[in-house]
Structures are given as C-alpha cells and as structure tokens.
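# Fold and geometry: a report
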Amino acid sequence: MLAPAEAANLRKAVARLFGEPSDAGRQPDLPPQSEGAVVSWMNAEGFTTARGNPWRREVLHRLLTNPRIAGLDPSGEPIEGWDESVLTPEQFRRLKTLYDERSAQRAPGREAHEYLLTSGCAVCDNCETAMTGARVHSDAPPSYRCPPPTETVASCGSVRMNADRLEDPVAEQVLAEMLKPGAQERLEALQADVEAEASRLREHIAGADVRFVSIGDLYGRGLMVESAFLAAQKANKEDLRASRARLRYLEPMCDLPIGGVHDLVHWWNTVPHTSKKALVLLEIEQVRVLPQPEGNNDPHNRFRIVWRQSAA
C-alpha cells in the first residue's frame, strides 16, 4: 500500500511528465520532462520509495505503467473495492498515450539483444568463467559464450548457447519457483539481505573521502613512507571502484513488487527488462551452462541453476 506522501509525490511526478502544474492555480514553468529528468528531480527533493530507497527510472516506470495505480485490472476494467488509486483512469490512459507517443518518436537504432543472464549470472560449467553476450556474426542470433582465454582469464572458450534457448527455460523456472508455497516469504528475506548489503555499501562509499584524507594525513605527518602511501591510495581507489560496481549490481534487486503472485505473469510480460533481470538475479546465484550433449536438443539439459539462499 502506498503511503499518502508517496502517492502525492507520484502525482507530482506525473504532472512533470505532462508539463502541467502539480498545484492548483500554479502555472506550468517546465516543458514535459523525461522519466530520467523526473527521477533526478524526485531524488533531489529527497523523495524515496516505500522501502526508503532512491528512485530509479525503471522503478517509476513500473509503477506508472501498472493499471492498478488507477484502480484498473490488466484489461482496463475497474477493480471492485480498490481504494489505493493514485491516478484516475483518464490520467492513466493519457499517460499510456504519452509513453506510446514517445516510444514511436525514438529513432530506430541497431537491433540489440538485452541479455537476461549477464552480470556474472551465467557461467561456463567447464571453467566457471562468466559468460558474455555475443553474436557469432552480424546476422547470427544472440548467444551466450564462454570468452576465449587471455593472459589474465583462464577460460576454455568452448561453451556457447543461443540466448533464447537459455533465457526462456530459465525464466520459466524462476516464475515456477515464485509460485511455490512460501515463495513470498523467501523472496522478502532475500530482498532484505540485498537491501542490507546495499545500505552497507552506500555507507562505505560515502566514507571514502574520510579514508583518503586519513591516509593523506598520516603521510603528511611523516607516519607513512611514500611507497606505502601510494599503495594505500591505490588499494582504496580499487576498493571504491569495486564497491560502486557491486552497488550497481545490487540496486536493481531492491524495490521489486514482492507481495503476492496472482498477477505475476502480467507483471513479467509488462515490466522493463531491467526489472526482469533484477528478479532473476535476486532468485539465482548462478546459471551453470553445460556443453551441448550429443543427440540431445532439450535446452533444459544444457544448464543447472544454483538458487540464491537467504542469510536468515
């Protein structure tokens, strides 16, 4: 359930998307804004999601494209007894039209595949190297492959699987897992673990300047030789880079719609790709891709899922 303050902030966000005044009697002073610009404004104002996290574009988009925000079911019919509407049905339809128009205005780019299992999720079962998304040639279908070995990566480079043959069966298993008894409680525990780690990383990143100043102070007072000072600076920079990368990996897993599975398939079919990937990463530790077995074309025999376990 949305808190009244969060609902009011969402109405202000929608007003900015339309370039309309959000307060009675106030003249519009901005042109229609993009979702990215609106999210930047919301975070600058200190608005947070119901879980207390900063807003992200995909989280706002997911909320505003869910018909329940206007008290409607997936077919556009009013939900009887629904009392959590943020927008009117007419506002929701106008918003959908706005999104459709903006989508049509985007210049078509080179066709690209949004990989579901990158970011270290899909790994080669032969050598445990993270698989990358690639095409054998420009006209080939997108696929996952174990990268060729290099001086720094001891990969085998011998395992490859078409993306659709891997992603679709994995998605089926993830959705099936969410329909099992106790799935909601398990996912809530997993998300709590992720949010706790993300919170610790934010604090750690925020303290980076203090750590750098402390190192410089020790060096300036002659309590650290130059070689140690340079090594400490380098280690802190690498730590900061790794922490930021880990936080970018974790943040999409926050603010997922965990709370019932009655409209799970509709959610999966309508949310942005980033939300699907976030759910998969929350559920799965690894998808281990096996070499092609002789005489067996069933894609389910090409991978093993290592499910993520809660720390609770």
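The coordinates are above.
Residues numbered from 1 in each chain as written. Predicted model: local features only at pLDDT ≥ 70, side-chain atom pairs only at ≥ 80, totals over all residues. Heavy atoms only, no water.

### A short note on the layout of surface pockets
- Counted as a void, the second largest pocket has a volume near 480 Å³.
- What lines the second largest pocket is a set of 22 residues, and nearest its centre among them are His61, Thr65, Lys96, Tyr99 and Asp100.
- Elements represented by at least two residues in the lining of the second largest pocket include exactly α2 (35-44), α3 (57-64), α4 (89-105) and α9 (264-270).
- In terms of residue count, the dominant contributor to the lining of the second largest pocket is α4 (seven residues).
- Of the residues belonging to the lining of the second largest pocket, the class tally is six nonpolar, nine polar and seven charged. (1 Å grid on protein atoms, 1.4 Å probe; cavity = no way out; pocket = protein on both sides within 12 Å on 5 of 7 lines; lining within 4 Å. Points joined across faces, edges and corners; volume = space filled by probe spheres on them. Helix = DSSP H or I, 4+ residues; strand = E, 2+ residues; numbered from the N terminus. Nonpolar A, V, L, I, M, F, W, Y, C, P; charged D, E, K, R; others polar.)

### What to know about the sheet that holds strand β6 (residues 303-307)
- The sheet built from three strands is open, its strands ordered β1-β5-β6 with mixed pairing. Every interior strand has two partners, whereas the edge strands, β1 (122-124) and β6, have only one. Direction aside, neighbouring strands of the sheet carry axes that sit 25° apart on average.
- Pairing between strand β5 (residues 284-289) and β6: five bridges, direction antiparallel. By the bridge assignment for β6, valine 289 is matched with phenylalanine 303.
- On top of the sheet, helix α5 (residues 163-178) reaches β5 and β6; it is set at about 35° to β6, its chief contact.
- Strands β5 and β6 of the sheet are contacted by helix α10 (residues 273-283), whose axis makes an angle of about 90° with β5. (Pairing = 2+ DSSP bridges. Axes fitted to C-alpha atoms, helices over the stretch in contact; angles between N-to-C directions. Contact = heavy atoms within 4.5 Å.)

### What about the packing of helix α6 (residues 183-206) against helix α8 (residues 226-250)?
- The contact between α6 and α8 brings their axes to 10 Å, and the two run at 150°. The way α6 lies across α8 gives a crossing that is left-handed. Where α6 abuts α8, its residues Val194, Glu197, Ala198, Leu201, Arg202, His204 and Ile205 lie against Asp239, Leu240, Ser243, Arg244, Arg246, Leu247 and Leu250.
- The residue inventory of the contact of α6 with α8, partitioned by class, reads seven nonpolar, two polar and five charged. (Left-handed = near helix turned anticlockwise from the far one by under 90°.)

### So, the packing of aromatic side chains
- Applying the stated criterion across every chain, the model contains three aromatic pairs.
- Taken together, a centroid distance of 5.4 Å and an interplanar angle of 85° make the contact between tryptophan 41 and phenylalanine 47 edge-to-face.
- Take tryptophan 41: its relative accessible area is 16%, and that puts it in the buried class.
- For phenylalanine 47, a relative accessible area of 14% corresponds to the buried category.
- Ring geometry for tyrosine 219 against phenylalanine 229: centres 4.3 Å apart, planes inclined by 10°, an arrangement best described as stacked. Highlighted residues: tyrosine 219 in helix α7 (residues 208-220) and phenylalanine 229 in helix α8, separated in sequence by ten residues. (Phe/Tyr/Trp six-rings, centres within 6.5 Å; stacked < 30°, edge-to-face > 60°. Buried < 20%, exposed > 50% of the residue type's maximum accessible area, 1.4 Å probe, protein only.)

### With respect to the side chain of glutamate 35
- Relative to the elements of secondary structure, glutamate 35 occurs in helix α2.
- Overall, glutamate 35 belongs to the buried group, its relative accessible area being 9%.
- Side-chain polar atoms of glutamate 35 contact the side chain of histidine 61, separated by 2.9 Å.
- Ignoring sequence-local partners within four residues, the contact set of glutamate 35 consists of Leu17, Arg57, Leu60, His61, Tyr99 and Arg102. (Polar contact = N/O pair within 3.5 Å; in protein donor to acceptor, adjacent residues only side chain to side chain.)

### Side note on unusual backbone geometry
- Phi is positive for serine 119, close to 65°, though the residue is something other than glycine.
- Along the chain, serine 119 turns up in the loop between α4 and β1.
- The partly exposed category is assigned to serine 119, whose relative accessible area is 46%.
- Not every positive phi belongs to a glycine, and glutamate 128 is a case in point at roughly 65°.

### Concerning the pattern of salt bridges
- Considering all chains together, one arrives at eight salt bridges under this definition.
- Here arginine 288 makes a salt bridge to glutamate 128, at a shortest N to O gap of 3.1 Å. Residue arginine 288 is found in strand β5, and its partner glutamate 128 is found in the loop between β1 and β2 (132-134); the two are separated by 160 residues along the sequence.
- Given a relative accessible area of 11%, arginine 288 falls into the buried group.
- Taking the relative accessible area as the measure of exposure, glutamate 128 reaches 55% and is therefore exposed.
- Note that glutamate 285 and arginine 308 form a salt bridge whose closest N and O atoms lie 3.2 Å from each other. Pair noted here: glutamate 285 is in strand β5 and arginine 308 is in the segment after β6, with a separation of 23 residues, a long-range link. (Salt bridge = Lys/Arg side-chain N within 4 Å of Asp/Glu carboxyl O.)

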